[in-house]
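Below are the chains, spelled out letter by letter.
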Amino acid sequence: MKTGYLYLQTHPDHPGMVRFLTRDTMPDTDPASHPHEPTIRYVARFSDIEAAQMHVQNSLHRQLVDIDTHMYRVSLPEAMAVIESDGLKHERVWLDPSLGDRELGLMEQSARERRNKFRQSDRIWQGVGLLFVALLLLRLLGLF
């Protein structure tokens, strides 16, 4: 496992798209230091950055635009929600102060919906597991 930072970038030339990038060190979030580059909008620190990348790819594989640049066709609130709702241990390190209440509200709502969907899926698979354990016990007892 390798610790690292997963961060989101947007650029006015690519509306409706977000780049998911990683670094070993905290990226420079000051837009004044790089005015002609894409804007960093969100940074999270993961204890397993490679697993974080795989989870993003798994969650957004249908929205992938360019694998080489890690560009996805997704709204910024949804992109942040993908990270926030992920079950991997992480810490939100930085959030763009220019984000409004509307965008943050959309992120929270989407993250909550994603968590509920994961919980529902987990409950279904736990039920399937219990059913098979019960069938196995019945089989061992000779009742089935």
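What you see is a predicted model, and the numbers here were worked out from it, not measured in a lab.

A.B. asks: Explain the side chain of Thr29 to me, please; I cannot follow it from the model alone.
C.D. replies: Mapped onto the fold, Thr29 is located in the loop between strand E2 (17-23) and strand E3 (39-46). Apart from the residues within four sequence positions on either side, Thr29 is in contact with Ile40, Val43 and Trp94.

A.B. asks: So what exactly am I meant to see when it comes to the pairing of strand E1 (residues 4-10) here?
C.D. replies: On a regular strand, each side chain points to the face opposite its neighbour's, so the side chains alternate between the two faces of the sheet. When you tally the buried positions in E1, you get 7 out of 7 residues, the bulk of the element. Burial along E1 is two-sided: the face carrying Gly4, Leu6, Leu8 and Thr10 and the face carrying Tyr5, Tyr7 and Gln9 are both buried. Taken together, the 7 bridges between E1 and E3 define a ladder with antiparallel strand orientation. Following the sheet pairing, Leu8 is matched in E3 by Tyr42. For E1 and E2, the ladder comprises 5 bridges, and the chain directions are antiparallel. Directly across from Tyr5, in E2, lies its bridge partner Arg23. The loop that links E1 with its antiparallel partner E2 comprises 6 residues; one of these, Gly16, has a positive phi angle of about 75°.

A.B. asks: Mind showing me how you'd approach helix H1 (residues 49-60) here?
C.D. replies: Residues separated by three or four positions in an α-helix point in the same direction, a consequence of the helix having 3.6 residues per turn. Taking 1.5 Å per residue as the helical rise, H1 with its 12 residues ought to reach 16 Å, and the 17 Å between its terminal C-alpha atoms agrees with that figure. Among the residues of H1, Ile49, Ala51, Ala52, Val56 and Leu60 are the ones counted as buried. Relative to the axis of H1, the buried residues are bounded by an arc of 155° and lie together on one face. Away from its buried face by more than 90 degrees, H1 exposes Met54 and Asn58.

A.B. asks: Help me out: how do you make sense of the sheet that holds strand E4 (residues 64-66) in this one?
C.D. replies: Strand pairing in a sheet takes place through backbone hydrogen bonds and is either antiparallel or parallel in direction. Strands sit in the order E4-E5-E2-E1-E3-E6 across an open sheet of 6 strands; the sheet is antiparallel. On the outer flanks of this sheet lie E4 and strand E6 (90-95), each paired with one strand and no other. Mean inter-strand twist for the sheet, computed between neighbouring axes without regard to direction, equals 30°. Inspection of the sheet shows E4 paired to strand E5 (residues 71-73) by 2 bridges, in the antiparallel sense. Each residue of the ladder has a partner; that of Asp66, found in E5, is Met71.

Scoring rules and cut-offs
Residues numbered from 1 in each chain as written. Predicted model: local features only at pLDDT ≥ 70, side-chain atom pairs only at ≥ 80, totals over all residues. Heavy atoms only, no water. Helix = DSSP H or I, 4+ residues; strand = E, 2+ residues; numbered from the N terminus. Contact = heavy atoms within 4.5 Å. Buried < 20%, exposed > 50% of the residue type's maximum accessible area, 1.4 Å probe, protein only. Pairing = 2+ DSSP bridges. Expected span 1.5 Å × (residues − 1). Arc of directions from axis to C-beta. Axes fitted to C-alpha atoms, helices over the stretch in contact; angles between N-to-C directions.

Function-wise, these values are silent; they only describe arrangement.
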